[in-house]
Each structure stands twice: as structure tokens, then as C-alpha cells.
Amino acid sequence: MTDKTQNAMWGGRFAAGPDAIMEAINASISFDQRLAAQDIAGSRAHAAMLAAQGIITDSDAEAIREGLLTVLSEIERGDFPFSAALEDIHMNVESRLKDLIGDPAGRLHTARSRNDQVAVDFRMWVREQTDAAIIGIIALQKALLDQAEAGADWVMPGFTHLQTAQPVTWGHHMMAYVEMLGRDAGRFRDARTRMNESPLGAAALAGTSFPIDRDMTAGALGFDRPAANSLDAVADRDFALEFLSAATICAMHLSRFAEELVIWSSAQFRFVAMSDRFSTGSSIMPQKKNPDAAELIRAKIGRIMGAMVGLFTVMKALPLTYSKDMQEDKEQVFDAADSLMLALAAMDGMVRDMTANRDALKAAAAGGFSTATDLADWLVRELNLPFREAHHVTGTLVALAEKQDCDLPDLSLDDMQKVHRGISRSVFDVLGVENSVASRTSYGGTAPTEVRKQIARWKEMLK
Ligand code: ARG
């Protein structure tokens, strides 16, 4: 009965096959073949459940489950004949299964639709990437912890407005990113908890009249439970949006750190030397060593955030439940996940390989009147000045140092006393950068003693 041009999966009511352009816009196999492993796992769990519930025979389920393993190995070997006429991964797999095992293949799609099938496949794929992101983040945190431990007491300038503000320690700066990444990992963990409900068994949208066991398939596929509303289960992609949102925030953190590494590795700063392994040369300027990896990490947010905006735009205003628009959910998520994993790995490698230039950090730490706040605090503590007045006196001393083209510790006691009579020699103790950082012992402050406490806490947490 069936015409060769009809689609073997759904062509019953059609008299003609699709136009070539229709096939081109409709097919997703060029990209959704990335869901092959998830698709086959989902189908194997579904077949086992159908047999356990007496909906298909044990022998049919056995043939289906074995055949699907053969299909998987063909795909993994790279000799699977993907066909655009068969649209997507779901129909490509089922069609090949029919070639391999014959009629029982036709029973696999009982009590199921491509709508719950794609929803379960994509959820499992995103879940895997969520786990991979957490692993990548933890590896980078460990690299940062090593840097922080080595330089817990190395002084460097802390910046606001990219102007020297107050001296901080290298370890403290590294640990700032450990904190940010810790929240990033937390966002991925939260998202994972919410996404871990199985849509399988929602069928097209309304559920099914067959006596299926959704707990069984949910359990077999590592989900915490089946999704409780069949319409919601096939209609939403919020799990992918949460993944992209968490990825965007993480990429933003990586971008900021990458920007700092670009600045710090410049000849003007020389705060860090990047390793040869994570730098490139110039084809015309022989002296150049460019921080390309850092620049590319800095840029990855563009496509990751682009993917997030893209998927939000696809999903907004879609009426329930499934619409074909939702086939446009995958490519950008694939690209965003690849970009994030690569950025995390590259940052991890760069951080492990880079060398801080302790002398340059220290020299810069003392510049820009970075201990002016320490001076003001000294005036409050020792002379009991109100902070506002101490601020003003310190400002006058900074202006004086600027006029004399020197740093605060280079002013003479005489000159200082002309600005305020009460200033004594002990003021010089707080003008040094080492003393400045050592004094900032408030919780979360930059004092090496505090930084070491935070390093120890994180090492314990990441063990
Ligand atoms: N390739 C489709 C997708 O990715 C699978 C679901 C198709 N469902 C349908 N009712 N046409 O969204």
C-alpha cells in the first residue's frame, strides 16, 4: 500500500512526499544525532517497562533492547546511515531497528510519542552537561586554590575603577574567583534537582490509556520521579533555559577573570606570565606572546548568552504544548555547552601554568598611595579624629606626596606634622603594604591569616 515517497513513520494519510525544501527545514538529524545515546537509553527503558506491564511480550522487548544496542554500536562506530528523509534521531533509530529485527520494532512506539521522547532525551543530555560543568568548575577551583595557597601573602594592588585602591593579597584575589565559581556550581546543582523529573510516558501530550509504569522508566533513567503533568512534561524547556542561565553567569565570571589575565600579562603590568602552552605568537612581530586563550575565554560569553537569549525567544509565547518551534532548542544548547566546557578547561590549564610575578605585584601594590586608608584609620585610632576629618587630613598628605612626586611613606615626619601636629613616627608602621594587608583581619578580609582560613575551608569542601 505504501508509496515509496511516503514517510514510513507517519505517511499513512499522505498522498505525496515532502518538497525538498520542506525536508530541509523539517529535518533535525544533522544535529540531533547528538542525542543518539540518550534516545536509545530511553527506548530501552520504555521497552523493558512495556514488557513488565504486559503491554508487549518479553521476547519482543528482548529483540528491541538487543537491536537497539546494535544500532548504538553502529552509531558509535560511525557507520550508521543517517537519513534526512527520516527527519530526526528518533525515526532514524526506529527505522534502523526495523531493518535489524523486523516487526517487533513497530511495537516500541506503543504508549509513546516523539514529544515525550525528545523531551526525555534532551533532559538527559542537559543533565549530563550539568554534571560535566560542575566537574569542570571544581577542577578550576582547585587550580585557583593552588595559586592562592602559593601566594596567600603576596601583596598586590586591589582595584576599584581599575585605579589602585588598597593593597590586597594574590591569594585573596584568587579566592574571590573560587567563591564565584562555587556559586556557579551551586546554580548547576539547583538546576539539576529541578530538571531531574522524567517526561517519558506523557506521550503526545495527554498521557496514555495503556497501563504504563512511569516510575519504572523514571528510575531506570536516573530520574528522581516522573513529571506530574503530561502537558507540562512535553511543553517546557525551562531545564535547558536554567542550564543556559547558569552557563551564562559562569561564562561572565570566566570572562572577567580572562580580562584580568589579558591586562595582567601585558608589558605594562607584568603581573603574570602565561605559559607558552597557553599563548600564541604573531606572524609579523617576533617579540609577541599573545594571551589568545584568555581572549577567547573572554569572548565565549557572547555565544553562550546568545544561546540563552535565542532559546528564550523561541519559547516565549508558544501555546501549550509541543510546537515544532521547539526543535530549535538544541543546536544553541549544544554549542553553549561545548563552549562552556572548553572555556572551563582552558582556564583551568592557564591558571595551572601561569606564574605570578611577585616583585611586580609588590612594586605595584605600593604605588598609587594605596595605604592612604591605613593612614586615615591610624589618625582615627591614635589621635581620635572623626573619620571624616582623618579622611581630609590624609587627602592633604596625598596631595603633598603627589606634589613632591613621592609615595606616602617617603614624606618626612616634619612635612606630615605641618599638616597635623599630632602625627608621630609610629605612623610609618601602617604605611607599608605588608602591614596594611596583615592588619585587615576582619572576616573575609585580605590578611594572609584570613585568606589561609578560607583556603582551608574550601579545600575541605572540595575534598
Ligand atoms: N525532531 C523533533 C524535535 O526535535 C522531535 C519531536 C517531533 N514531534 C512532532 N510532533 N513532530 O522537536
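Preceding block: the structure.
Parameters and conventions
- Residues numbered from 1 in each chain as written.
- Predicted model: local features only at pLDDT ≥ 70, side-chain atom pairs only at ≥ 80, totals over all residues.
- Heavy atoms only, no water.
- Axes fitted to C-alpha atoms, helices over the stretch in contact; angles between N-to-C directions.
- Helix = DSSP H or I, 4+ residues; strand = E, 2+ residues; numbered from the N terminus.
- Parallel < 35°, antiparallel > 145°, perpendicular 65-115°, else oblique.
- Left-handed = near helix turned anticlockwise from the far one by under 90°.
- Contact = heavy atoms within 4.5 Å.
- Phe/Tyr/Trp six-rings, centres within 6.5 Å; stacked < 30°, edge-to-face > 60°.
- Buried < 20%, exposed > 50% of the residue type's maximum accessible area, 1.4 Å probe, protein only.
- Lys NZ or Arg CZ within 6 Å of the ring centre and 35° of its normal.
- Patch = residues over 30% accessible without salt bridge, like charges linked within 9 Å, V, L, I, M, F, W, Y side chains within 5 Å.
- Areas by Shrake-Rupley, 256 points an atom, 1.4 Å probe, with all protein chains shown as cover.
- Salt bridge = Lys/Arg side-chain N within 4 Å of Asp/Glu carboxyl O.
- Near = heavy atom within 4 Å.
- Polar contact = N/O pair within 3.5 Å; in protein donor to acceptor, adjacent residues only side chain to side chain.
- Nonpolar A, V, L, I, M, F, W, Y, C, P; charged D, E, K, R; others polar.
- Pairing = 2+ DSSP bridges.
- Arc of directions from axis to C-beta.

**Details of the packing of helix α3 (residues 36–52) against helix α5 (residues 89–101)**
Logical step 1: Where α3 contacts α5, the two axes come as close as 10 Å, and the packing angle between them is 60 degrees. In terms of axis orientation, α3 runs oblique to α5. Classified by chirality, the crossing of α5 by α3 is right-handed. Packed against α3, whose contacting residues are Ala36, Asp39 and Ile40, the element α5 presents Ile89, His90 and Val93 at the interface.

**Section: the packing of aromatic side chains**
Centre distance and the angle of the planes are the two values used to describe a pair of aromatic rings.
Logical step 1: Taken as a whole and assessed by the stated rule, the structure comprises 10 aromatic pairs.
Logical step 2: Relative to Phe271, the ring of Trp264 has its centre 6.1 Å away and its plane inclined at 45 degrees; by these criteria the two rings are tilted. In terms of burial, Trp264 and Phe271 fall into one category: buried.
Logical step 3: Each residue in the set Phe159, Trp170, Trp264, Phe269 and Phe271 is aromatic and connected to the rest through ring pairs, giving one cluster.
Logical step 4: Of note, Arg34 hangs over the ring of Phe334, and the distance from its end group to the ring centre comes to 5.1 Å.

**Comments concerning a nonpolar patch on the surface**
Logical step 1: On the surface, a nonpolar cluster with roughly 280 Å² of combined accessible area is contributed by Leu205, Leu231 and Leu320.
Logical step 2: Relative to the assigned elements, Leu231 resides in helix α9 (residues 230–235).

**Here's the deal with the site of the ligand**
Logical step 1: Close contacts around the ligand come from Ser28, Asp32, Asp88, His90, Arg114, Asn115, Val118, Tyr322, Gln327 and Lys330, and that covers them all.
Logical step 2: Contact between the ligand and Ser28: a nitrogen atom at 3.3 Å from a side-chain N or O atom of the residue.
Logical step 3: In isolation the ligand offers 350 Å² of accessible surface; the protein chains occlude 87% of this area.
Logical step 4: Among the elements that make up the shell around the ligand, the one with the highest residue count is helix α6 (residues 114–150) (three residues).
Logical step 5: Classifying every residue of the shell around the ligand by side-chain character gives two nonpolar, four polar and four charged.

**Here we look at the pairing of strand β2 (residues 163–169)**
Logical step 1: The sheet contact formed by strand β1 (residues 155–160) and β2 spans six bridges and is antiparallel. Of the residues in β2, the one forming a bridge with Pro157 is Pro167.

**Looking at helix α13 (residues 358–366)**
Logical step 1: Taken together, the buried positions of α13 are Ala360, Leu361 and Ala365. The buried residues of α13 occupy one face: seen down the axis, they fall within an arc of 135 degrees. The outward face of α13, more than 90 degrees from its buried face, is lined by the exposed residues Asp359 and Ala363.
Logical step 2: Summarising the contacts, the buried residues of α13 are in contact with β1, β2, α7 (170–195), β6 (355–356) and α18 (433–439).
Logical step 3: Where α13 ends, the next residue or the one after it, Gly368, has phi of about 65 degrees, a positive value.

Interpretation note: all reported values are geometric properties and have no functional meaning in isolation.
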